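# Descriptive analysis of the structure
Take a look at the letters that make up each chain.
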Amino acid sequence: MERHISITADGSHTLAIPGLQVTYHSTHGAIQESMHVFIRTGLQSLPGTQPVLRVFEMGFGTGLNAMLTLQEAAAQRQEVYYETVELYPLSTAEVQLLNYNVLLNSAGEYCPLEALHAAPWGVDARVTPLFTLHKKQQSLFEYLESPAQQPFHLIYFDAFDPAAQPELWSQPVFEQLYARLYEGGALVTYCSKGVVRRAMQTAGFMVEKLPGPPGKREIVRAVRK
């Protein structure tokens, strides 16, 4: 799969896939989008604290969401167990081209992006004392076919746009993700299309539209009732 590095409006990198006409992050700013959608609207909005906060990410991608979550865990002194699936991992060469280390490691707990990508697949990897990463090299459908383990408090749903991967934004997928959340747990995503919101609502979620980051009018937080 052909991919190339692209710089976004806030100076941070993303990857583009010309064949699918998609990018891994918003061209208006990769870091600012991830911070707004997944950290502020997702992680920081959860009520109270948990001994171990369990997060699932659909699409490990560049590792940006995991890196931001690790840094937030350090800032809040919150232990996080982070599970993610990725069918097409980045190569070492691609990871080394990304500029997240330069832009994000000026403060807080240092964690090179390479450490997240170098973590072994299929096992728990203790990246820092507060952050355990478990990566699975498989599709979301393969993951959902496996028996559910302990539920999650938060899901980052960061699949490519529904125009590129409509099957991932379907009611059956959201029903299975709903079942893998604790009561009161949330799913956050950048996509607020009506067909996606309706699929979530039919799956049982209480769906809330919220202001989006620059370049995006609205995003969605869906909560298990």
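If you're wondering where the values come from, they're calculated on a predicted model, not measured in any experiment.

Turning to the pairing of strand S5 (residues 80–85), a few remarks are in order. Among the six residues that make up S5, six are buried, leaving the element largely enclosed by the rest of the structure. Neither face of S5 is open: one carries Val80, Tyr82 and Thr84, the other Tyr81, Glu83 and Val85, and all of them are buried. Pairing between strand S4 (residues 53–58) and S5: six bridges, direction parallel. In the sheet register, methionine 58 faces S5, and the bridge partner there is valine 85. In the sheet, S5 pairs with strand S7 (residues 131–136) via six bridges, with the strands oriented parallel.

On the basis of which strands lie adjacent, the open sheet formed by eight strands has the order S6-S7-S5-S4-S8-S9-S11-S10 and mixed pairing. Two strands close off the open sheet at either side, each with one partner strand: strand S6 (124–128) and strand S10 (205–211). Across the sheet, the mean angle separating the axes of adjacent strands is 20 degrees when strand polarity is ignored. Direction of pairing for S6 relative to S7: antiparallel, over a ladder of four bridges. Within S7, the residue paired with aspartate 124 across the bridge is histidine 134. Contacts between helix H8 (residues 194–203) and the sheet are confined to strand S9 (181–189), S10 and strand S11 (218–224), with S10 contributing the most and set at about 150 degrees to the helix.

Ordered in space as S1-S2-S3, the three strands form an open sheet in which the pairing is antiparallel. In this open sheet, the two strands that pair with only one neighbour each are strand S1 (4–7) and strand S3 (22–23). Relative to strand S2 (residues 13–17), S1 is paired through four bridges, and the arrangement is antiparallel. Counted as the bridge partner of histidine 4 is alanine 16 from S2.

Each value, and the rule that gives it
Residues numbered from 1 in each chain as written. Predicted model: local features only at pLDDT ≥ 70, side-chain atom pairs only at ≥ 80, totals over all residues. Heavy atoms only, no water. Buried < 20%, exposed > 50% of the residue type's maximum accessible area, 1.4 Å probe, protein only. Helix = DSSP H or I, 4+ residues; strand = E, 2+ residues; numbered from the N terminus. Pairing = 2+ DSSP bridges. Axes fitted to C-alpha atoms, helices over the stretch in contact; angles between N-to-C directions. Contact = heavy atoms within 4.5 Å.

These results come straight from atomic positions and should not be treated as a statement about function.
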